[in-house]
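# Summary of structural features
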Amino acid sequence: MRISMTVNGQDVEADVEPRTLLVHFLRDHLGLTGTHWGCDTSNCGTCVVAIDGEPVKSCTTLAAMTAGHDVRTVEGLEQDGVLDPVQEGFMQCHGLQCGFCTPGMMITARALLDRDPDPDEATIRKAISGQICRCTGYTTIVRSVRWAAEHTDQDAHSSQNARATS
Ligand code: FES
Ligand code: FES
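This text gives an overview of the structure that appears in the document. Note that the structure is predicted; figures quoted are calculated from it, not measured.

## Here's the deal with the layout of surface pockets
Put simply, the second largest pocket is a space of about 210 Å³. If you go around the second largest pocket, the residues you meet are Gly-38, Cys-39, Asn-43, Cys-44, Thr-46, Cys-98, Phe-100, Cys-101, Ile-132, Cys-133, Arg-134 and Cys-135. Split by residue class, the lining of the second largest pocket holds eight nonpolar, three polar and one charged.

Written as structure tokens, this is what we have:
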């Protein structure tokens, strides 16, 4: 079947089988391999992308279900060569080791900060509770998200989002 959607601000059109999962569509059809696939049971969250701004597990979503929607992957976080404060925060606070869980974590963190610019530790831990990290023990991930909260220029960020979605 023919589907079209927006991925990281670009219009995409493709022929897919109805059973194609969004995670495979992104990785195998579009070559956006930042979105990872870490389980078969919808637990690990390393496949999380934003659909219309909401974090969603792309292994539990059919590509066809996102037709007509706005999809954002980790590759779309950086804008014009400038890292998103979330990406900068993970770097500054050592929020990653192997990096496998990182794309999903960062998409969830960005979605959290877009609706709650100043989340406390408990809120951050709850927001990432659908995502597993085997390396960090989570403390530095929480610190990274707090760093991003403290370094996000809300005005600049919302105008950037407005540009990206217009
Ligand atoms: S790949 Fe594990 S939740 Fe999607
Ligand atoms: S950094 Fe390795 S799984 Fe999170």
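## Notes on the environment of Pro-18
Mapped onto the secondary structure, Pro-18 falls in the loop between strand E2 (10–15) and helix H1 (22–29). The sequence separation of Pro-18 and Met-1 amounts to 17 residues, and the corresponding C-alpha distance is 6.5 Å. Setting aside anything within four residues of it in sequence, one finds Pro-18 in contact with Met-1 and Leu-62.

## Re the pairing of strand E3 (residues 48–51)
The side-chain alternation of E3 yields two buried faces, one formed by Val-48 and Ala-50 and the other by Val-49 and Ile-51. In terms of strand pairing, E3 meets strand E4 (residues 54–57) through four bridges, oriented antiparallel. The residue of E4 that forms the bridge with Val-48 is Lys-57. Hairpin remark: E3 followed by E4, antiparallel, with two residues in the connecting loop; positive phi at Asp-52, about 50°. As paired elements, E3 and strand E5 (residues 70–72) share two bridges and run antiparallel to each other. By the bridge assignment, Ala-50 is partnered in E5 with Arg-72.

## With respect to the packing of helix H3 (residues 102–115) against helix H5 (residues 139–151)
The angle between the axes and the distance between the axes are what describe a pair of packed helices. The interhelical angle for the contact between H3 and H5, taken along N-to-C directions, is 40°, at an axis separation of 11 Å. Regarding the angle of H3 to H5, the classification is oblique. The element H3 and its partner H5 pack so that their crossing is right-handed. Judged by residue contacts, Met-105, Ala-109, Leu-112 and Leu-113 of H3 engage Ile-141, Val-145, Ala-148 and Ala-149 from H5. For the contact of H3 with H5, the residue count by class is eight nonpolar, no polar and no charged.

## Quick notes on unusual backbone geometry
Located in the positive-phi region is Asp-52, a residue other than glycine, with phi close to 50°. Relative to the assigned elements, Asp-52 resides in the loop between E3 and E4. A positive phi angle is found at Tyr-138, which is not glycine, with a value near 75°. Within the element layout of this structure, Tyr-138 appears in the loop between helix H4 (121–127) and H5. For Tyr-138, a relative accessible area of 24% translates into the label partly exposed.

## Here's the deal with the side chain of Thr-102
Tracing the backbone shows Thr-102 in helix H3. Within the structure, Thr-102 has its side chain in polar contact with the backbone oxygen of Gly-99 (distance 3.2 Å).

## Topic: the sheet that holds E2
Taking strand neighbours across the sheet as the criterion, the five strands line up as E2-E1-E5-E3-E4 in an open arrangement whose pairing is mixed. Of all strands in the sheet, those with a lone pairing partner are E2 and E4, marking the two edges. The mean inter-strand angle of the sheet, taken between neighbouring strand axes irrespective of direction, is 40°. Packing against the sheet, H3 makes contact with E3, E4 and E5, and its axis sits at approximately 35° to E3.

## Considerations on the nonpolar core
Val-86, Phe-90, Met-105, Met-106, Leu-113, Ile-141 and Val-145 are the most contacted members of the largest nonpolar core, which has 21 residues in total. If you tally residues by element for this core, the top one is H3, at six residues. If we skip the residues at most four places from it in the chain, Leu-113 touches Val-86, Pro-119, Val-145, Ala-148 and Ala-149. Among the nonpolar cores identified, the runner-up in size contains 14 residues, and Met-5, Phe-25, Ile-51 and Ala-63 belong to it.

Here is what the cut-offs are and how they apply
Residues numbered from 1 in each chain as written. Chains lettered and ligands numbered in written order. Predicted model: local features only at pLDDT ≥ 70, side-chain atom pairs only at ≥ 80, totals over all residues. Heavy atoms only, no water. 1 Å grid on protein atoms, 1.4 Å probe; cavity = no way out; pocket = protein on both sides within 12 Å on 5 of 7 lines; lining within 4 Å. Points joined across faces, edges and corners; volume = space filled by probe spheres on them. Nonpolar A, V, L, I, M, F, W, Y, C, P; charged D, E, K, R; others polar. Helix = DSSP H or I, 4+ residues; strand = E, 2+ residues; numbered from the N terminus. Contact = heavy atoms within 4.5 Å. Buried < 20%, exposed > 50% of the residue type's maximum accessible area, 1.4 Å probe, protein only. Pairing = 2+ DSSP bridges. Axes fitted to C-alpha atoms, helices over the stretch in contact; angles between N-to-C directions. Parallel < 35°, antiparallel > 145°, perpendicular 65-115°, else oblique. Left-handed = near helix turned anticlockwise from the far one by under 90°. Polar contact = N/O pair within 3.5 Å; in protein donor to acceptor, adjacent residues only side chain to side chain. Core = buried A, V, L, I, M, F, W, Y, C linked by side-chain atoms within 4.5 Å.

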